[in-house]
Amino acid sequence: MKKIGKLFLALGMIVVFAGCKASTDAPESKAELTGISITTEPTRKVYYIGSTSLDLTGMVVTATYNDGTTKDVTAEVTASGFDSSTATESQTITVTYGGKTATFTVEIKQGYTFRNAVKTLPSGTGSYGTEATYVEFGDWPQDVVKEADVATLGLETSKDKITRGYMEFVQGTDGNYYVKHESKWYKVMPIKWRVFDETYDVDGKSGTATGKLLVAENILTANVPYYEDSENNRKIDSKTVYPNNYKHSQIRAYLNGNTYTGYDTTTSSNIEKSQWNNKGFLQTAFTSEAIDKIITTKVDNSENSTTNYDTTNGKITKATEYACDPTDDKIFLLSEYEVTKYSKSGERYYSCGSGNSRIRVTTDFSKANNAYQSTDDGYGGYWWLRSPPY
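Residues numbered from 1 in each chain as written. Predicted model: local features only at pLDDT ≥ 70, side-chain atom pairs only at ≥ 80, totals over all residues. Heavy atoms only, no water.

## Re the sheet that holds strand β5 (residues 78–80)
Adjacent strands of a sheet form backbone hydrogen bonds with each other and so pair up, either parallel or antiparallel.
Moving on, step 1. What the 4 strands build is an open sheet, ordered β2-β7-β6-β5; its pairing is mixed. Of all strands in the sheet, those with a lone pairing partner are β2 (46–48) and β5, marking the two edges. Geometrically, the sheet is characterised by an average inter-axis angle of 40° between neighbouring strands, direction not taken into account.
Moving on, step 2. Pairing between strand β6 (residues 88–97) and strand β7 (residues 100–109): 8 bridges, direction antiparallel. Looking at β7, one finds that I93 is bridged to F104. (Pairing = 2+ DSSP bridges. Helix = DSSP H or I, 4+ residues; strand = E, 2+ residues; numbered from the N terminus. Axes fitted to C-alpha atoms, helices over the stretch in contact; angles between N-to-C directions.)

Given below as structure tokens:
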């Protein structure tokens, strides 16, 4: 009993002393936030329509309290009000911390404008001179950027990026877009096209539906094979499909962003390949708005498309065995028949060299992708036709 009494007494003493200590403590005071200020504004103050993010690099925000103290709160602020959808000389950006705000302004300029609609160029602006109409439509990396300009344009650190098909378009400090390939940067520019035909038959029904046939003025890229396996035939729908079959080619899948049937040598069986599905040339060169303007064409891949248009000075043997079914495509390669039909008068199907209307030259970007360019004056490079060799 004595031990229990002492135990209770000891506990009582603890309670008493704790109470006494609490009663003698003074209330703790806390400094109150009275405002914030932007003591150093962000380094970047100019943006372009389409810029995807606000860059606060270089900004310093200071909080002030009622006891006269200050604190750097830059890392804890939020920013609002950034909108790059329209151009404006002064857009207010609000910085917030602890319910207090401060503001600064940025300018939104008109930068590179994607070519979502066909723009007709002045007469005589292409290799065919005044005899042809030239237009701009779509966007593609073309000219190489000088190494000394990469840092000035802020390309390696830019946060303004958009994905177009299989490429990443990076916006520079000048408002233009650039694409990096290996170690170099290439400027995205409007694609120039020659109007080959104002009333091209797009449904295969002799002119019941027509559209403008556009052919690129330059060789835009390379490194995509007609079909990657030249050694093995495929069986598709119980039919033998040769490597030079356009309907089931890799190049057609690349151009339109489709899947295609390949061949697995390990299993000796077909395999569905999807590396270009919804991210081919079509989805990379054009916005969704522009794609809607491109007509789906019933492309003739018959044996008649594999020979020349004018047979007065010789005739190409038809590739009857390798002809294939028509295809429904927005983007396609020209056939042997078409490329000779739209050549200058007097040019034969085998014509080549300086002054030939079929000459196409490479861009910096296509050369970086291993496109061939002749070193002879007035000559161009090689470009694909869809017609298979006989």
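## With respect to the nonpolar core
Moving on, step 1. If you look at the biggest cluster of nonpolar residues, it comprises 48 residues, and the most contacted ones within it are W140, Y246, I251, Y254, L255, F281 and F286.
Moving on, step 2. Mapped onto this core, the elements with two or more residues apiece are β9 (134–144), β11 (167–171), β12 (177–181), β13 (184–201), β14 (210–216), α3 (250–256), α4 (281–285) and α5 (288–291).
Moving on, step 3. In terms of residue count, the dominant contributor to this core is β13 (7 residues).
Moving on, step 4. With residues near it in sequence (within four places) discarded, I251 still touches V224, P225, Y226, Y246, L333 and W384.
Moving on, step 5. Ranked by size, the runner-up nonpolar core spans 17 residues in total, among them L33, A63, V77 and F104. (Core = buried A, V, L, I, M, F, W, Y, C linked by side-chain atoms within 4.5 Å. Buried < 20%, exposed > 50% of the residue type's maximum accessible area, 1.4 Å probe, protein only. Contact = heavy atoms within 4.5 Å.)

## Considerations on the environment of G314
Moving on, step 1. Of note, G314 is situated in the loop between β20 (297–299) and β21 (327–329).
Moving on, step 2. Judged by its relative accessible area of 27%, G314 is partly exposed.
Moving on, step 3. Each C-alpha atom of the pair G314 and R348 lies 8.2 Å from the other, and the pair is 34 residues apart in sequence.
Moving on, step 4. If we skip the residues at most four places from it in the chain, G314 touches N308 and Y349.

## Points about the confidence of the model for the chain
Moving on, step 1. Summary statistics for the chain give a mean pLDDT of 89 and a share of 92% for residues scoring 70 or more.
Moving on, step 2. Confidence over residues 1–24 falls short of pLDDT 50; this stretch has 0 contacts with residues more than four positions distant or in other chains. (pLDDT = per-residue confidence, 0-100.)

## Comments concerning the packing of aromatic side chains
Moving on, step 1. Taken as a whole and assessed by the stated rule, the structure comprises 23 aromatic pairs.
Moving on, step 2. Taking the centre distance of 5.0 Å and the plane angle of 45° together, the rings of F137 and F286 count as tilted. Note that F137 is positioned in strand β9 and F286 in the loop between α4 and α5, a separation of 149 residues in sequence. For the pair shown, F137 and F286 are each scored as buried.
Moving on, step 3. Look at W193 and F286: their rings are 6.4 Å apart centre to centre, the planes differ by 20°, and that puts the pair in the stacked class. Pair noted here: W193 is in strand β13 and F286 is in the loop between α4 and α5, with a separation of 93 residues, a long-range link. Across the pair, exposure class does not vary: W193 and F286 are buried alike.
Moving on, step 4. Linked through ring pairs, F137, W140, Y166, Y186, W193, Y254, W276, F281, F286 and F365 together constitute an aromatic cluster.
Moving on, step 5. One residue, R164, lies across the ring of F114, its end atom 4.7 Å from the ring centre. (Phe/Tyr/Trp six-rings, centres within 6.5 Å; stacked < 30°, edge-to-face > 60°. Lys NZ or Arg CZ within 6 Å of the ring centre and 35° of its normal.)

## Structural notes on the sheet that holds strand β1 (residues 33–40)
Moving on, step 1. Strands sit in the order β1-β3-β4 across an open sheet of 3 strands; the sheet is antiparallel. In the strand order of this sheet, the two ends are held by β1 and β4 (70–72), each with one partner. Averaged over neighbouring strand pairs, the angle between their axes works out to 25° when direction is ignored.
Moving on, step 2. Pairing analysis gives 3 bridges linking strand β3 (residues 60–65) to β4, with the strands arranged antiparallel. If you follow T62 over to β4, its bridge partner there is D72.

## Section: the side chain of D229
Moving on, step 1. Topologically, D229 is positioned in the loop between β15 (218–219) and β16 (234–236).
Moving on, step 2. Among buried Asp, Glu, Lys and Arg side chains, D229 stands out as unpaired, with R234 the closest opposite charge at 7.3 Å.
Moving on, step 3. Reaching out from D229, the side chain makes a polar contact with the backbone nitrogen of E231 at a distance of 3.0 Å.
Moving on, step 4. Dropping the residues within four chain positions of it, D229 is found in contact with P243, Y263 and T265. (Lys, Arg positive; Asp, Glu negative; His and termini not counted. Salt bridge = Lys/Arg side-chain N within 4 Å of Asp/Glu carboxyl O. Polar contact = N/O pair within 3.5 Å; in protein donor to acceptor, adjacent residues only side chain to side chain.)

## Side note on the side chain of T261
Moving on, step 1. Along the chain, T261 falls in strand β18 (residues 260–264).
Moving on, step 2. By relative accessible area, T261 is classed as buried at 16%.
Moving on, step 3. In contact with T261, other than residues within four places in its own chain, are Y227, R234, I236, H248, N270, I271 and E272.

## Let's talk about the pattern of salt bridges
Moving on, step 1. Evaluation of the coordinates by the stated rule reveals 14 salt bridges.
Moving on, step 2. The closest approach of N and O atoms between E41 and K45, which form a salt bridge, is 2.7 Å.
Moving on, step 3. Here E41 falls in the partly exposed class, since its relative accessible area comes to 38%.
Moving on, step 4. A salt bridge links K71 to E76, with the nearest nitrogen and oxygen atoms 3.9 Å apart.
Moving on, step 5. E76 sits in the partly exposed class, given a relative accessible area of 44%.

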